[in-house]
Amino acid sequence: MKTRAASIILGGLDERLPTYRPALGNVPRRPTHGWLKAVRTAVGLSQNSVARKMGVTRQAYAQFEASEKSGTISLASIERAAAAMDCEFVYFVVPRESVARTYGELARIHDPAYRHLQASEHSMALENQAVGDLPPRPKP
């Protein structure tokens, strides 16, 4: 059973989802060499200039780009490098549309009690005794 706090958080996430979903479709996945290198080269910055603004050596900054490319960079490091390039780092996680349309649906899908209720409802339906009050689980 969800707590009141979890319900409030889910409600807040679901309110923001209409803003996140369109962004997801319009933003390409991470560039081959990473966002840091793509943005840096696109705006004409050198590794030296970004490193200087971050207060690190060029080699240290080069490691940031290499870490992003390999998928091992921390969010704090990306945020710091983005700030040095006068950029904002934006980060969000949305439910896969093939699984759930909202965070609330996703929570329900992962709720063990809901799964148990669904199994009971299915068994009851086989005996023509289903109540039919459970919202349907989205189809994958």
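Rules of the game
Residues numbered from 1 in each chain as written. Predicted model: local features only at pLDDT ≥ 70, side-chain atom pairs only at ≥ 80, totals over all residues. Heavy atoms only, no water. Helix = DSSP H or I, 4+ residues; strand = E, 2+ residues; numbered from the N terminus. Expected span 1.5 Å × (residues − 1). Buried < 20%, exposed > 50% of the residue type's maximum accessible area, 1.4 Å probe, protein only. Arc of directions from axis to C-beta. Contact = heavy atoms within 4.5 Å. Salt bridge = Lys/Arg side-chain N within 4 Å of Asp/Glu carboxyl O. Axes fitted to C-alpha atoms, helices over the stretch in contact; angles between N-to-C directions. Parallel < 35°, antiparallel > 145°, perpendicular 65-115°, else oblique. Patch = residues over 30% accessible without salt bridge, like charges linked within 9 Å, V, L, I, M, F, W, Y side chains within 5 Å. Areas by Shrake-Rupley, 256 points an atom, 1.4 Å probe, with all protein chains shown as cover. Phe/Tyr/Trp six-rings, centres within 6.5 Å; stacked < 30°, edge-to-face > 60°.

Draft legend 1. Just helix α4 (residues 58-70), in detail. Helix length check: α4 (13 residues) gives 18 Å between terminal C-alpha atoms against 18 Å at 1.5 Å per residue, within 8%. Looking at α4, one finds that the buried residues are Tyr 61, Phe 64, Glu 65, Ser 67 and Glu 68. All buried residues of α4 project into a common sector of 160 degrees when viewed along the axis, lining one side. Exposed and oriented more than 90 degrees from the buried face of α4 are Gln 59 and Ser 70. Here the buried face of α4 lies against α2 (35-42), α3 (47-54) and α5 (75-84). A positive backbone phi angle near 85 degrees is found at Gly 71, which sits one or two residues after α4.

Draft legend 2. Molecular detail of the pattern of salt bridges. One pass over the structure, following the stated rule, counts three salt bridges. Linking Glu 65 and Arg 40 is a salt bridge whose minimum nitrogen-to-oxygen distance equals 2.5 Å. Remark: Arg 40 occurs in helix α2 and Glu 65 occurs in helix α4; sequence separation between them is 25 residues. Across the pair Arg 101 and Glu 105 runs a salt bridge, and its minimum N-O distance is 2.7 Å. Classification of Glu 105 by relative accessible area gives buried; the value is 8%.

Draft legend 3. Expanded view of the packing of α3 against α5. At a closest axis distance of 9 Å, the pairing of α3 and α5 adopts a crossing angle of 110 degrees. One finds that α3 runs roughly perpendicular with respect to α5. Counting all contacts with α3, which are made through Val 50, Lys 53 and Met 54, the residues of α5 involved are Arg 80, Ala 81, Ala 83 and Ala 84.

Draft legend 4. Spotlight on a nonpolar patch on the surface. A grouping of Leu 75, Tyr 91 and Val 93 is seen on the molecular surface, where their side chains present a nonpolar patch of about 320 Å² in accessible area. One can find Val 93 in the loop between α5 and α6 (103-110). The exposed category is assigned to Val 93, whose relative accessible area is 57%.

Draft legend 5. Structural view of the packing of aromatic side chains. Applying the stated criterion across every chain yields a total of three aromatic pairs. Ring centres 4.9 Å apart and planes at 15 degrees place the aromatic pair Tyr 20 and Phe 92 in the stacked group. In this pair, Tyr 20 is assigned in helix α1 (residues 4-26) and Phe 92 in the loop between α5 and α6, connecting sequence segments 72 residues apart.

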